[in-house]
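Descriptive analysis of the structure
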Amino acid sequence: MRIHFLYWAECPSHPEAWQRLQRVLTELGLQAEIERIEIRTDEEAEHWKFPGSPTILVEGRDIDPTGAGLPSRLTCRLYHLENGRPSPVPSETMIRRALEAALKES
Amino acid sequence: MLEIGQKAPDFTLPGVDGVEHSLADLLARHQAVVVIFSCNHCPYVRAWEDRMIAIQRDYADRGVVLVAINPNDAVKYPEDDFESMKKRAAERGFNFLYLRDESQDVARAYGATHTPHVFLLDASGTLRYRGAIDDNYSDPDAVEFSYLRDALEAVLAGRDPERAVTDAVGCTVKWK
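Keep in mind that what you see is a predicted model, and the values were worked out from it rather than measured. (Residues numbered from 1 in each chain as written. Chains lettered and ligands numbered in written order. Predicted model: local features only at pLDDT ≥ 70, side-chain atom pairs only at ≥ 80, totals over all residues.)

Brief notes about the overall build of chain B
Scanning chain B from terminus to terminus reveals 5 helices and 9 strands. Going residue by residue from the N terminus, the α and β elements of chain B occur as β-β-α-β-α-β-α-β-α-β-β-β-α-β. With respect to the three principal axes, the spread of C-alpha positions in chain B is 40 × 35 × 30 Å. The buried share of chain B, reckoned over its 176 residues, is 45%. Summarising the internal contacts of chain B: among those between residues at least 6 apart in sequence, 74% fall at separations of at least 24. (Helix = DSSP H or I, 4+ residues; strand = E, 2+ residues; numbered from the N terminus. Buried ≥ 20, exposed ≤ 12 C-beta atoms within 10 Å, placed from the backbone. Contact = placed C-beta atoms within 7 Å.)

Some details on the nonpolar core
Membership of the largest hydrophobic core comes to 61 residues, with the highest contact counts inside it found for Val34, Val67, Leu120 and Leu148 of chain B. The leading source of residues in this core is helix H2 (residues 43-59) of chain B, at 7 residues. Not counting the four nearest positions on each side in its chain, Val67 of chain B is found in contact with Leu26, Val33, Val34, Val35, Phe96, Leu97 and Leu99 of chain B. With 15 residues, the next largest nonpolar core counts Val24, Ile63, Ala98 and Leu99 of chain A among its residues. (Core = buried A, V, L, I, M, F, W, Y, C linked by C-beta atoms within 7 Å.)

Comments concerning helix H5 (residues 147-156) of chain B
Residues and elements named next belong to chain B. Inspection of H5 places Tyr147, Leu148, Ala151, Leu152 and Val155 among the buried residues, and these make up the whole buried set. With its buried residues spanning 130° around the axis, H5 presents them on a single face. In this structure, the buried residues of H5 make contact with strand S3 (32-37), H2, strand S4 (64-70), strand S7 (117-122) and strand S8 (127-131). Downstream of H5 by one or two residues, Gly158 has phi in the positive range, about 80°. (Arc of directions from axis to C-beta.)

Focus: unusual backbone geometry
For the peptide bond that leads from Ser53 of chain A to Pro54 of chain A, omega is -5°, which places it in the cis range. Its location among the elements puts Pro54 of chain A in the loop between helix H2 (42-47) and strand S3 (55-58). Here the residue pair Thr115 of chain B and Pro116 of chain B is connected by a cis peptide bond, since its omega of 0° sits within 30 degrees of zero. Structurally, Pro116 of chain B can be placed in the loop between strand S6 (114-115) and S7. Even without a glycine there, the phi angle at Glu59 of chain A is positive, about 50°. The topology assignment puts Glu59 of chain A in the loop between S3 and strand S4 (61-62). At Gln104 of chain B, a position not held by glycine, the phi torsion is positive, near 70°. Residue placement: Gln104 of chain B occurs in the loop between strand S5 (97-100) and helix H4 (105-110).

A short note on the interface of chain B and chain A
With 11 residues of chain B at the interface, the matching set in chain A holds 14 residues. Where the side of chain B that touches chain A is concerned, the elements lending two or more residues are H2 and strand S9 (171-172) of chain B. The element best represented in the side of chain B that touches chain A is H2 of chain B, accounting for 4 residues. Tallied by class, residues from the side of chain B that touches chain A come to 6 nonpolar, 3 polar and 2 charged. (Nonpolar A, V, L, I, M, F, W, Y, C, P; charged D, E, K, R; others polar.)

Structural notes on the packing of helix H1 (residues 14-28) of chain A against helix H3 (residues 92-105) of chain A
Residue and element names in this part refer to chain A. Look at H1 against H3: their axes get within 9 Å of each other, and the N-to-C directions meet at 50°. Taken as axis vectors, H1 and H3 run oblique relative to one another. The interaxial crossing formed by H1 with H3 has right-handed handedness. Residues Arg20, Leu21, Arg23, Val24 and Leu28 of H1 lie in contact with H3, whose contacting residues are Glu92, Ile95, Arg96 and Leu99. (Axes fitted to C-alpha atoms, helices over the stretch in contact; angles between N-to-C directions. Parallel < 35°, antiparallel > 145°, perpendicular 65-115°, else oblique. Left-handed = near helix turned anticlockwise from the far one by under 90°.)

What about the sheet that holds S4 of chain A?
Strand order in the open sheet made by the 4 strands is S2-S1-S3-S4 (chain A), with mixed pairing throughout. Every interior strand has two partners, whereas the edge strands, strand S2 (33-38) and S4 of chain A, have only one. (Pairing = 2+ DSSP bridges.)

Overview of the environment of Thr12 of chain B
Residue and element names in this part refer to chain B. Among the secondary structure elements, Thr12 is positioned in strand S1 (residues 12-14). With 134 residues separating them along the chain, Thr12 and Ser146 place their C-alpha atoms 29 Å apart. Setting aside its immediate chain neighbours within four residues, Thr12 contacts Glu20 and Ser22.

A word on the pairing of S4 of chain B
Residue and element names in this part refer to chain B. Most of S4 sits inside the fold, with 6 of its 7 residues counted as buried. The β-α-β motif built from S3, the intervening H2 and the parallel element S4 has right-handed crossover chirality. As defined by bridge partners, S4 adjoins S5 across 4 bridges and the pair is classed as parallel. Following the sheet pairing, Val67 is matched in S5 by Leu97. (Right-handed = clockwise from strand over helix to strand, strands pointing away.)

This is how it looks when you write it as structure tokens:
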């Protein structure tokens, strides 16, 4: 499985998101090829269609499909948890669902 | 950056309520003024927003006013423009003042670095607490230290807050 972990260093949410991703991978017993990519410029944000930090792509697909409709830019990304609360970090449930969906398709 | 014990710079800024608000006027009418540099787009602000509303609700009768100030560049972050602020305040039922710092002069004068970034002033306009709202942006039920509430209790009782400075956690201020 191929995962891209995109982040903007100025936003402090990426270490927590990275830990959550690692925990879910361990829990599911998955071996994944993870590429960590630091987005530094508006041009890089545009190139990666980066809607904010952090953004996790599993097999090229955003774990939060709502990201596709957002502008590309250097910012912290807004997620909504399963209980509706806003959060700067995707939930482990969201990450797990994306990984499981990619597994089914493989 | 404004330091503990220093007098806060005055400001006069437009609010989403259509009124110009000055710090001098707010200080004359309140026991404490909570200035929070804030914005629309930042997910950390969004995560803490309900707690900002709760703090204003819980302390209004004790002479505390909460003033959110948005200094962000609205060219790069259009959802932080004044019209979007008005919309956000109406949709979320903000019970606190929400002001626009278009020039970013107020944010620079205070040394704000993040949204949200709290500056608690006593009735004399002296900075008594600076930093985060509490220690857990993600889960209000898991908060261990309610920094701002604790500091408000201390200031209203005439004491120094136990923690006068904490790290502001959130998005960086979007400078022009």
